[in-house]
Amino acid sequence: MKQAADKQTAGELRVDFVSGPVAHRLRFGGGRGQALPKAMGLRNGKTPSIIDATAGLGRDSFLLASLGAQVTLIERSDKMHALLAEGMERAAREGGELQEIIGRMTLLHGDAKDLLPQLDGEAILIDPMHPPRKTTALVKLELRQVREIVGADEDAADLVRVALDNARSRVVLKWPAKADPIEGIRPCSHQIRGKTTRYDVWMTG
Ligand SMILES: C[S@@+](CC[C@H](N)C(=O)[O-])C[C@H]1O[C@@H](n2cnc3c(N)ncnc32)[C@H](O)[C@@H]1O
């Protein structure tokens, strides 16, 4: 795995919903019991509309859309936005379930701090670039490639504040389980913790 990962270069980064880890998770994932859907408030009989303010490779949005949520994705990097648009088009061309899932995803280009006040989202997800960690797994390589393209998201605290002013029901920050909280934001309402990732949830409605 490491060799394959090391051979992949930043130039080859692509958004792939058709094969690989995302497609595998679609087939074998844990449905609404997974930490992310739980944090976003997807329950039996309740499917909030979601804004993913930091779309990136679109994986979190795709998972939420695969569970029935309407998701608006916001990406500010020209390059990431273009990769995501291509990946969504490719997946939609497959037809069937993939086309249906992509049909629930709307991609916007811009800074979420500017766009959120114009949108009406029940639940807002924020997953800024995390502090770097050493790891060799392929999926982590992709995150390093994203970092090469977008740099660090130094304005994450500002984005959370804008989201807190605009979410009708909740804001969720995805963050490394053991990392310090982002400074300058009020304490969250509760946390959902996994081994490597935690979800800080602020109830706003
Ligand atoms: C860690 S990645 C997100 C990964 C994503 N959750 C996924 O499942 O693939 C962070 C992305 O958010 C974008 N981003 C960060 N701050 C943003 C903002 N204020 N507005 C729009 N996009 C933003 C970055 O350009 C980067 O592509």
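Refer to the structure above for everything that follows.
Described below are features of the structure shown in this document. Note that this is a predicted model, so its numbers are computed, not measured.

1. Re helix α9 (residues 156-166)
Listed as buried for α9 are Ala156, Ala157, Leu159, Val160, Val162, Ala163 and Leu164. Close packing links the buried residues of α9 with α7 (112-115), β4 (123-126), β5 (170-176) and β7 (197-203).

2. Describing the nonpolar core
In this structure, Phe17, Met40, Ile50, Phe62, Leu64, Leu84 and Met105 are the most contacted members of the largest nonpolar core, which totals 37 residues. Counting residues per element, the ones that place at least two in this core are α3 (35-40), α4 (59-66), β2 (71-75), α5 (78-93), α6 (96-103), β3 (105-109), β4 and β7. Looking at which element gives the most residues to this core, the answer is α5, with 5 residues. The contact partners of Leu64, leaving out residues within four places of it in the chain, are Leu36, Pro37, Met40, Leu42, Ile50, Ala69, Val71 and Leu125. Judged by nonpolar contacts, the second largest core, of 23 residues, contains Ala53, Ala112, Ala167 and Ile182.

3. A look at the site of the ligand
Residues in contact with the ligand amount to 22 residues; listed here are only the nearest, Leu57, Asp60, Glu75, Ala112 and Asp127. At a separation of 2.7 Å, a nitrogen atom of the ligand approaches a polar side-chain atom of Asp127. Within the complex, 97% of the 610 Å² of free accessible area of the ligand lies under protein. Sorting the residues of the shell around the ligand by element identifies α4 and β2 as the ones contributing at least two each. Classifying every residue of the shell around the ligand gives 10 nonpolar, 5 polar and 7 charged.

4. Some points on the pairing of β4
The side chains of a regular strand alternate, first on one face of the sheet and then on the other. Taking every second residue as pointing to the same face, both faces of β4 are buried, with Ala123 and Leu125 on one and Ile124 and Ile126 on the other. Bridging between strand β1 (residues 50-52) and β4 involves 3 bridges; their strand directions are parallel. Across the sheet, Ile50 pairs through a bridge with Ala123, a residue of β4. Direction of pairing for β4 relative to β5: parallel, over a ladder of 4 bridges. Residue Ile126 lies in a different strand from β5, and its bridge partner there is Leu173.

5. A word on the side chain of Ser77
Inspection of the secondary structure assignment puts Ser77 in the loop between β2 and α5. For Ser77, the contacting residues outside a window of four places in its chain are His109, Ile149 and Val150.

6. Overview of α6
What sets the pattern is the α-helix's 3.6 residues per turn: residues three or four places apart point alike. Those residues of α6 that fall on the buried side of the exposure criterion are Leu98, Ile101 and Ile102. In an axial view of α6, the angular spread of the buried residues amounts to 95°, which keeps them on one side of the axis. Residues of α6 that are exposed and point over 90 degrees away from its buried face: Glu100 and Gly103. Where the residues of α6 are buried, they touch α2 (21-28), α4, α5 and β3.

7. Here we look at the sheet that holds β4
What the 7 strands build is an open sheet, ordered β3-β2-β1-β4-β5-β7-β6; its pairing is mixed. Of all the strands in the sheet, just β3 and β6 (190-193) have a single pairing partner and so form its edges. Neighbouring strand axes in the sheet, compared pairwise and without regard to direction, differ in orientation by 20° on average.

8. Details of the pattern of salt bridges
Counted according to the given criterion, the structure contains 12 salt bridges. The residue Glu142 makes a salt bridge to Arg59 at a minimum N-O spacing of 2.6 Å. On the criterion of sequence distance, the pair formed by Glu142 in helix α8 (residues 138-150) and Arg59 in helix α4 is long-range, its members being 83 residues apart. Judged by its relative accessible area of 10%, Glu142 is buried. Arg76 serves as the salt-bridge partner of Asp153, at 3.2 Å between the closest nitrogen and oxygen. Here Asp153, found in the loop between α8 and α9, pairs with Arg76, found in the loop between β2 and α5; they are 77 residues apart in sequence, far enough to count as distant. When salt bridges with common partners are traced through the structure, they connect Arg76, Asp111, Lys113, Asp153 and Asp155 into a single cluster.

Analysis parameters
- Residues numbered from 1 in each chain as written.
- Predicted model: local features only at pLDDT ≥ 70, side-chain atom pairs only at ≥ 80, totals over all residues.
- Heavy atoms only, no water.
- Buried < 20%, exposed > 50% of the residue type's maximum accessible area, 1.4 Å probe, protein only.
- Helix = DSSP H or I, 4+ residues; strand = E, 2+ residues; numbered from the N terminus.
- Contact = heavy atoms within 4.5 Å.
- Core = buried A, V, L, I, M, F, W, Y, C linked by side-chain atoms within 4.5 Å.
- Near = heavy atom within 4 Å.
- Polar contact = N/O pair within 3.5 Å; in protein donor to acceptor, adjacent residues only side chain to side chain.
- Areas by Shrake-Rupley, 256 points an atom, 1.4 Å probe, with all protein chains shown as cover.
- Nonpolar A, V, L, I, M, F, W, Y, C, P; charged D, E, K, R; others polar.
- Pairing = 2+ DSSP bridges.
- Arc of directions from axis to C-beta.
- Axes fitted to C-alpha atoms, helices over the stretch in contact; angles between N-to-C directions.
- Salt bridge = Lys/Arg side-chain N within 4 Å of Asp/Glu carboxyl O.

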